[in-house]
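# A closer look at the structure
If you want the building blocks of each chain, they are given just below.
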Amino acid sequence: MQFSSALSLLLLAPMVQCWVSPSTARVYSMTTTTTTSSSKALQAPLYATPVDQAEAVTSPSTAPSADHSDNHSTNTAVASHKPPLDSDFQSALDELQETLTQACPPHLQSKMLPLLLSFADEYMRASQQSYRAGTIAANPKQSMQQFLKGVQYGLEFGVNPDTKYQFDVSHQALRGYPETENGNTVDYYAFGCDFFRPMMNLQQSVILGQDYLQQAMDQVAAGDNVVLFANHQSEADPQVVSCCFEVAGYADQASEMIYVAGHKVTTDPLAIPFSMGRNLLCIHSKKHIDADPDTKATKQRQNIKAMNSLLQSFKSGGALVWVAPSGGRDRRNVETNEIPIAPFDGKTLDIFRLYANKSGVKTHYYTLAMVSYTLCPPPDFVEAGVGEARQVRFEPVGIHMGAELESVGGLEGRQQFLRSAMEQCERDYQTLLSEIEVKQQQEPAEA
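Anyway, here's the lowdown on the structure attached to this text. Bear in mind that the values here come from a model prediction, so they are computed numbers and not experimental data.

## With respect to the packing of aromatic side chains
Aromatic ring pairs are reported here in terms of the distance separating the ring centres and the angle at which the planes meet. Scanning all chains against the criterion turns up 18 aromatic pairs. Pairing Tyr165 with Phe167 gives two aromatic rings, centres 4.8 Å apart and planes at 75°, and the pair type is edge-to-face. Look at Tyr165 and you get partly exposed, because its relative accessible area is 23%. With a centroid separation of 5.1 Å and 75° between ring planes, the pair formed by Phe195 and Phe196 is classed as edge-to-face. Per residue, the accessibility class of Phe195 equals that of Phe196, and both read buried. Among the aromatic residues, those joined into a cluster by ring pairs are Phe119, Tyr123, Phe147, Tyr153, Phe157, Tyr188, Phe191, Phe195, Phe196 and Phe274. The positively charged end of Arg353 is found above the aromatic ring belonging to Phe417, 4.2 Å away from the centroid. When the ring centre of Tyr355 is taken as origin, the NZ or CZ atom of Lys358, which lies over that ring, is 5.0 Å away.

## Let's talk about the nonpolar core
Judged by nonpolar contacts, the single largest core of 71 residues is most densely connected at Phe147, Leu228, Phe245, Trp322 and Leu368. Apart from the residues within four sequence positions on either side, Leu368 is in contact with Leu228, Phe229, Ala230, Asn231, Val241, Trp322, Ile399, His400, Met401 and Cys425. Formed by 38 residues, the second largest nonpolar core is a distinct cluster that contains Phe352, Tyr355, Ala356 and Tyr365.

## What to know about the environment of Ile136
Its place among the elements puts Ile136 in the loop between helix H4 (113–132) and helix H5 (140–158). For Ile136, a relative accessible area of 62% corresponds to the exposed category. As a C-alpha pair, Ile136 and Pro198 span 62 residues in sequence and 8.6 Å in three-dimensional space. When near neighbours in sequence (up to four residues on either side) are disregarded, Ile136 contacts Tyr131 and Gln142.

## Remarks on the pairing of strand E5 (residues 205–208)
Side chains of E5 alternate between two faces, with Ser205 and Ile207 and Val206 and Leu208 buried alike. Of the strand pairs in this sheet, E5 and strand E13 (residues 398–401) are connected by 3 bridges, and their pairing is parallel. Directly across from Ile207, in E13, lies its bridge partner Ile399.

## Remarks on helix H7 (residues 210–221)
For H7, built from 12 residues, the straight-helix expectation of 16 Å at 1.5 Å per residue is met to within 8% by its first-to-last C-alpha distance of 16 Å. Along H7, the residues classified as buried are Gln210, Leu213, Ala216, Met217, Gln219 and Val220. Taken from the residues just after H7, Gly223 is the one with a positive phi, measuring 100°.

## Re the pairing of strand E11 (residues 363–371)
The buried count for E11 comes to 9 of 9 residues, which makes it a mostly enclosed element. Side-chain alternation along E11 places Thr363, Tyr365, Thr367, Ala369 and Val371 on one buried face and His364, Tyr366, Leu368 and Met370 on a second face that is also buried. Sheet topology note: the strand E6 (residues 225–230)/E11 ladder contains 6 bridges and is parallel. Following the sheet pairing, Val226 is matched in E11 by His364. Sheet topology places E11 next to E13; 4 bridges connect them, and they run antiparallel. Looking at the pairing, Met370 lines up with Ile399 of E13.

## Remarks on the pattern of salt bridges
This structure, assessed with the given rule, holds 12 salt bridges. For the salt bridge of Asp86 with Arg132, the shortest nitrogen-to-oxygen distance reads 2.9 Å. Pair noted here: Asp86 is in the loop between strand E3 (72–73) and helix H2 (87–103) and Arg132 is in helix H4, with a separation of 46 residues, a long-range link. Residue classification places Arg132 among the partly exposed residues on the basis of a relative accessible area of 34%. One salt bridge in this structure joins Arg175 and Asp187, with 2.6 Å as the shortest N-O distance. Placement of the pair is Arg175 in the loop between strand E4 (170–171) and helix H6 (188–196) and Asp187 in the loop between E4 and H6, with a sequence separation of 12 residues. Look at Arg175 and you get partly exposed, because its relative accessible area is 23%. Three or more residues joined by partner-sharing salt bridges are found here, namely Lys82, Asp121, Glu122, Arg125 and Arg393.

So, how was this worked out
Residues numbered from 1 in each chain as written. Predicted model: local features only at pLDDT ≥ 70, side-chain atom pairs only at ≥ 80, totals over all residues. Heavy atoms only, no water. Phe/Tyr/Trp six-rings, centres within 6.5 Å; stacked < 30°, edge-to-face > 60°. Buried < 20%, exposed > 50% of the residue type's maximum accessible area, 1.4 Å probe, protein only. Lys NZ or Arg CZ within 6 Å of the ring centre and 35° of its normal. Core = buried A, V, L, I, M, F, W, Y, C linked by side-chain atoms within 4.5 Å. Contact = heavy atoms within 4.5 Å. Helix = DSSP H or I, 4+ residues; strand = E, 2+ residues; numbered from the N terminus. Pairing = 2+ DSSP bridges. Expected span 1.5 Å × (residues − 1). Salt bridge = Lys/Arg side-chain N within 4 Å of Asp/Glu carboxyl O.

Nothing here speaks to function; it is all geometry.
Structure (structure tokens):
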């Protein structure tokens with residue numbers, strides 16, 4: 001089959017350098033169920049996936065951050081076999097890889113082209129599984145065009161120096177309203193969700209704690225602020241949250257959520273178009289600040305500006321904020337192959353409560369346990385820089401909204417708040433794993 005329009009889309013894009021494709025995410029239609037959690041841990045898949053992540057801010061002076069895209073070393077578990085693609089998907093993959101090969105400049109082909117070709121292979125294989133499971137949007141033509149669209153946006157806004165997008169410390173999602181977005185007509189929020197949604201096995205996905213979710217959304221509607229302290233598992237977590245909220249009936253609230261993000265999601269070429277569609281609070285992590293003494297003062301001033309922006313959002317009321325207090329994604333235990341939740345940083349919790357108290361507007365705190373690791377597995381170890389291989393699988397995901405946390409002051413109160421948040425998120429995470437396992441046993445995925 002020929003997809004000439006999709007090919008020309010990429011070939012006509014000015015290419016200054018070849019970038020690494022952004023992490024993909026898919027969402028699953030989740031059901032509300034309740035079960036007793038069993039003590040188990042998510043097992044890493046038998047394939048690797050390098051993903052970017054963030055590190056937590058360990059000091060109130062530098063503010064908390066959750067870089068969704070720090071570089072990491074490659075996950076060491078590698079797949080030994082890939083089943084053959086159906087003829088129509090193989091044809092689309094051949095066409096896609098030929099396009100990428102032609103578009104990548106000769107001086108970058110040895111380093112970057114293999115990463116692009118590998119990610120294209122991953123995306124089309126996951127699309128085939130999704131299509132077999134009944135996802136019409138995962139058909140060969142649409143999957144190829146969606147991938148090329150991501151490449152085009154990455155080149156235009158992440159590579160080309162004349163059109164590279166510059167983020168402020170506080171970024172408002174670009175939704176395609178030219179009158180207020182300097183002529184922009186693209187809804188980058190919808191683009192990100194459409195890119196990852198077909199990759200999520202919705203039939204086997206799970207949404208739990210919907211009573212607490214409704215309570216939190218009612219509080220936001222009443223003008224109160226709500227902060228979600230979440231564990232972080234993949235670069236596609238914002239899309240996972242959106243798709244899960246859509247299933248639960250809160251699509252509008254999901255699109256208005258503010259994400260606390262590190263510098264990598266605004267500098268990695270492939271991540272940039274996905275970030276353009278999100279409301280972001282961009283904060284430099286402590287590690288990033290200390291890496292270059294010459295720019296440390298500037299980055300600290302930017303962090304202060306970002307936190308002042310958060311304060312203004314809290315003062316306005318009705319803010320819904322997602323933050324990963326661990327400062328990064330959950331990592332695989334290379335010895336057990338399990339995926340434990342990364343510990344929350346108490347200073348991150350403290351600074352959000354501090355600014356919420358300063359706002360004078362009532363603020364509520366919840367945990368949000370997330371399962372999305374197998375969708376886009378991160379590398380096993382964190383490394384500096386941007387540009388890495390990404391992998392994606394057609395997998396179920398899940399979220400579990402926890403009960404509202406009691407916010408009390410004082411040193412003992414702060415320590416108790418941290419313990420309560422971490423323990424609740426861990427319990428809910430285990431419950432999610434159990435529920436997803438049950439659904440997978442009841443409804444085996446299409447091979």
